[in-house]
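Observations on chain architecture
Read off the chains here:
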Amino acid sequence: MDAQFASFFVAAGAAATGIAALLWAMRVTDGARGALAKWKDRARGLEDTLARADAVFGAHPGVVLIWDETSSSVQEGEWGSPQVLGSAMALASLLRFAGQSTATEPALRILQGLSGFEARDATDRATRLGPALTRLRRDGAAFSLTISTPQGVYVEVDGRTAGARAVLWIVDASLRGVAESGPTGRIDGADRLIARDPASFLEMLGQAPFLAWRTSAAGKLEWANAAYLAALDARTVEQAVARNLALDHAAVEHARAVIESGESRTDVRKVVLGGELRTLRIQMSPVAGGAAGMAFDITESEGAKEQLSKQAKAHDETLNHLAEGVAVFGADKRLIFHNRAFEEMWGLDPAALAERPTHAQWLDHLKERRRLPAHANYAEWRANELALYQEQKLPDALWVVPDGRTLRIVRQRHPHGGLLLIFSDITNELTLRTQYNALLQVQKAALDRLHEGVAVFGLDGRLKLANAAFSAMWGLDSAQLASETPFDELVEQCQPLFHDRSVWGLIRARITDPSPEARREYRGEMRRSDETVLNFLTRPLPDGATLIAFLDNTAARRVEDALRDRAEAFEAADRLKTEFVQNVSYQLRNPLQAIHGNAEMLAAKLFGPLNDRQVDQVSSILDGSTRLTKLIDNILDVALVEAGAVSLDPSEVDLKATIKDSIEMATSKASDTEVPIRIDCPDSVGSITADEKRVRQILFNLLTNALRYTERGDEITVGAERLEGVVRLWVSDTGRGIPYEEQVRAFESFEGSDRRGAGLGLALVRSFVQLHGGWVAMSSEPGRGTTVTCHLPVAPPLPLAAE
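The structure presented is a predicted model; accordingly, all values stated were derived computationally and were not measured.

Rules and cut-offs
- Residues numbered from 1 in each chain as written.
- Predicted model: local features only at pLDDT ≥ 70, side-chain atom pairs only at ≥ 80, totals over all residues.
- Heavy atoms only, no water.
- Pairing = 2+ DSSP bridges.
- Helix = DSSP H or I, 4+ residues; strand = E, 2+ residues; numbered from the N terminus.
- Contact = heavy atoms within 4.5 Å.
- Axes fitted to C-alpha atoms, helices over the stretch in contact; angles between N-to-C directions.
- Patch = residues over 30% accessible without salt bridge, like charges linked within 9 Å, V, L, I, M, F, W, Y side chains within 5 Å.
- Areas by Shrake-Rupley, 256 points an atom, 1.4 Å probe, with all protein chains shown as cover.
- Salt bridge = Lys/Arg side-chain N within 4 Å of Asp/Glu carboxyl O.
- Buried < 20%, exposed > 50% of the residue type's maximum accessible area, 1.4 Å probe, protein only.
- Left-handed = near helix turned anticlockwise from the far one by under 90°.
- Nonpolar A, V, L, I, M, F, W, Y, C, P; charged D, E, K, R; others polar.
- Phe/Tyr/Trp six-rings, centres within 6.5 Å; stacked < 30°, edge-to-face > 60°.
- Lys NZ or Arg CZ within 6 Å of the ring centre and 35° of its normal.

1. Notes on the sheet that holds strand S2 (residues 83–86)
- The strand order across the open sheet built from seven strands is S2-S1-S7-S6-S5-S3-S4, with neighbouring strands paired in antiparallel fashion. Every interior strand has two partners, whereas the edge strands, S2 and strand S4 (126–127), have only one.
- Strand direction decides the pairing type here: strand S3 (residues 118–121) and strand S5 (residues 143–148), joined by four bridges, are antiparallel. Looking at S5, one finds that Arg120 is bridged to Thr146.
- With respect to the sheet, helix H4 (residues 106–115) is in contact with strand S1 (62–67), S2, S5, strand S6 (154–162) and strand S7 (165–172), its orientation differing from that of S7 by roughly 70 degrees.

2. Description of a nonpolar patch on the surface
- Together, Leu602, Leu606 and Phe607 line one region of the surface with nonpolar side chains, adding up to about 340 Å² of accessible area.
- Note that Leu606 resides in the loop between helix H21 (554–603) and helix H22 (612–642).
- Since its relative accessible area comes to 59%, Leu606 is described here as exposed.

3. A word on the pairing of strand S11 (residues 276–287)
- Note that strand S10 (residues 265–273) and S11 share nine bridges and pair antiparallel. Along S11, the bridge assignment pairs Val268 with Arg281.
- Here S10 hands over to S11 after two residues, with Gly274 in that stretch at a positive phi of 60 degrees.
- Alignment of S11 against strand S12 (residues 290–297), held across eight bridges, turns out to be antiparallel. What sits directly across from Leu280, in S12, is Asp297.
- Here S11 folds back onto S12, and the loop between the two strands holds two residues, one of which, Gly289, carries a positive phi near 85 degrees.

4. Examining the sheet that holds strand S20 (residues 522–527)
- The antiparallel open sheet is built from five strands, whose spatial order is S19-S18-S22-S21-S20. Edge positions in the sheet fall to strand S19 (463–466) and S20, since each has one partner strand and no second. Here the average twist between neighbouring strands, direction ignored, is 20 degrees.
- By the bridge criterion, six bridges tie S20 to strand S21 (residues 533–540) in an arrangement that is antiparallel. The residue of S21 that forms the bridge with Arg523 is Leu537.

5. Quick notes on the packing of helix H15 (residues 359–368) against helix H16 (residues 378–386)
- Contact geometry of H15 with H16 gives a least axis separation of 10 Å together with a crossing angle of 145 degrees. In this structure, H15 meets H16 at a crossing whose hand is right-handed. Counted together, His359, Ala360, Leu363, Asp364 and Lys367 of H15 and Tyr378, Trp381, Arg382, Glu385 and Leu386 of H16 form the full contact between these two elements.
- Grouping the amino acids of the contact of H15 with H16 by side-chain chemistry returns five nonpolar, one polar and four charged.

6. Here we look at the packing of aromatic side chains
- What the rule picks out here adds up to 20 aromatic pairs.
- Consider the rings of Tyr522 and Phe536, whose centres lie 5.8 Å apart with planes at 50 degrees: the pair is tilted. Placement of Tyr522 in strand S20 and of Phe536 in strand S21 is noted, with a sequence separation of 14 residues between them.
- We classify Phe536 as buried; its relative accessible area is 4%.
- Ring pairing ties together the aromatic residues Phe457, Phe470, Trp474, Phe487, Phe498, Trp504, Tyr522, Phe536 and Phe550, which thus form one cluster.
- Against the face of Tyr378 rests Lys367, its NZ or CZ located 5.0 Å from the ring centre.
- Between Arg528 and the ring centre of Trp474, over which it is positioned, the NZ or CZ distance is 4.8 Å.

7. Observations concerning the environment of Ser301
- Following the sequence through the fold, Ser301 ends up in helix H12 (residues 299–320).
- Sequence-wise, Ser301 and Thr279 are 22 residues apart; in three dimensions their C-alpha atoms are separated by 9.2 Å.

Honestly, that's just the spatial picture; any functional story needs more than this.
Pasting the structure below:
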């Protein structure tokens, strides 16, 4: 049918051309009268042909639109001024689809109206009349469309070119009364599901959580769902339609562009909804009679994208602060990211990296600059490196580069495809590891030379280190001391020598318990079945491990036991000595008092006069008994002090007066007055709280000791000095002094004596001073005299008793 109409159209054009030529020929010359008659006959034939063509077009159930020429400058939405051919009935039928078109020419009204309806091409693909017509007029692209109108009427449109002309055939299928098939049938099949229950379909859209609406070809709102009404504060669809509510000003332009282009378009815009700025993804699609839109609120997702973008930037910034070089090659093997350490590690130009070189180009660049490890076959090695993009397992590698560095390369799959490479300079790490291993060997060698058995256990209870002494001490071989041996297994091997599991349990707790209470030093002793004694020590180490040291203390313990037995024997002997001294002193006191009393009666001449010789002998008896009485008193005092049975009777003691009295007591014999005694005691020395009797004994014993070591021509000084909280009492002489070897034992009982004493004076001095809470010091140089200084507190602590 299309070919027949085209032939009619060509014939009509040819006839018109012939008539014009005939008329022109008749005017040009009168000499062609015969030819004119001939052309008139031909013109009548052409008119008959045109009449027949008009009849054919009048019978055609559609219209034909003809554009005189095609042009590459035709713009989309530009309809031009086509010539209209066809019957009046077909033209009137198609004008009912003009809708709200504002054009005055019938052809343009039909085109504008039909362009707003849904159309399908020969492949059943959705399209629009406007873009197809533009391509026909501009490029000569033929097409066939089936347009579905809202009234359920189908319109077939075919576009062809005829020479330089563009021809559009528009047929109202309902007018033609032809049963629809092909694309029309497929459209009908696609719409049948909705047609069966359109109310349910509208209800579903009406309750959808996203915004949905429809506009006419003129951009007027025709329908909207509940979400759209709520977003724009409209109560009913009628109210929204009456107010022609739109999301924003861009929504109208968006719909118009979709209708004109006949293609769907999606925009992302920020719109104020309910007083809040929201981000919407708006999709507009051309539909029959206008456009349909849907808007999805993606504010949260856009916020998440923005947050993800910030995190990605922060992640990149973090990578830029890493000491390790990081490079990411995409799925196309091009560099998509690198940090500053990567640039510095390889000495690369940032501008060159900005050009996103491929992995292969990067390797070749490093090879040219002698930055890669040496390989016998570089091409093969390079191919293996690039083949890792297809490998499932990505191995790590060590590169020893020519400048002496050792780099560790860690490869990972990147989430977006490609590879992530991490370059770590482990040169210092390897150096430190070598030094550490050497130090560990030195440490182990040093531990093996120790006599103590040493073992180190980790927090997991496994053996980390043991020396040779530990192995020999417990009879273990090297296989039993293998690294990572559990503590419990070692205990089983040591069980025959020491079976007390409670002690082993305490040691195990110190190893495996991480609590602060358990991580403390612990000492103990093991008495083993072989009669050896081991002292052990557990000490926590800073890395969480625990060191256990064993010391064979058998010999020391035997010596200690022997010393303990000896000390006990000495204590028993000392007790016997004290008891003996007390007994002997008591037994001697009674007869001595009798001798002294009788001698005093003889000296008093109660029984008659005495001659000179008898007087000297009685005087010797009195002197000897006096000395013996003092000796017995000293012995008893020493025994009482050593027995802890001496208590003091504190009172206020005038030091200067006490010193004078003590000097008078010590110089009771004429021979004692041959050595002058000088007092160096200011009146400001005052008094102290002490036992006056014991202070006198202290001074008397010191003076007696000084008189014993002085001769005529020497001098003795007794002095006192008050310091802060302490009073210094001293007795110094210029006598012959005390030999150095005797000074060490001068304050011991029965030591430091000569033929004139038992050596108890200085021992009592030290005991009485210590009872007062003080201390004694002595300085002596042979040939230059002796000074004994007593330091007494002004107010001694109470109770004042021997310790």
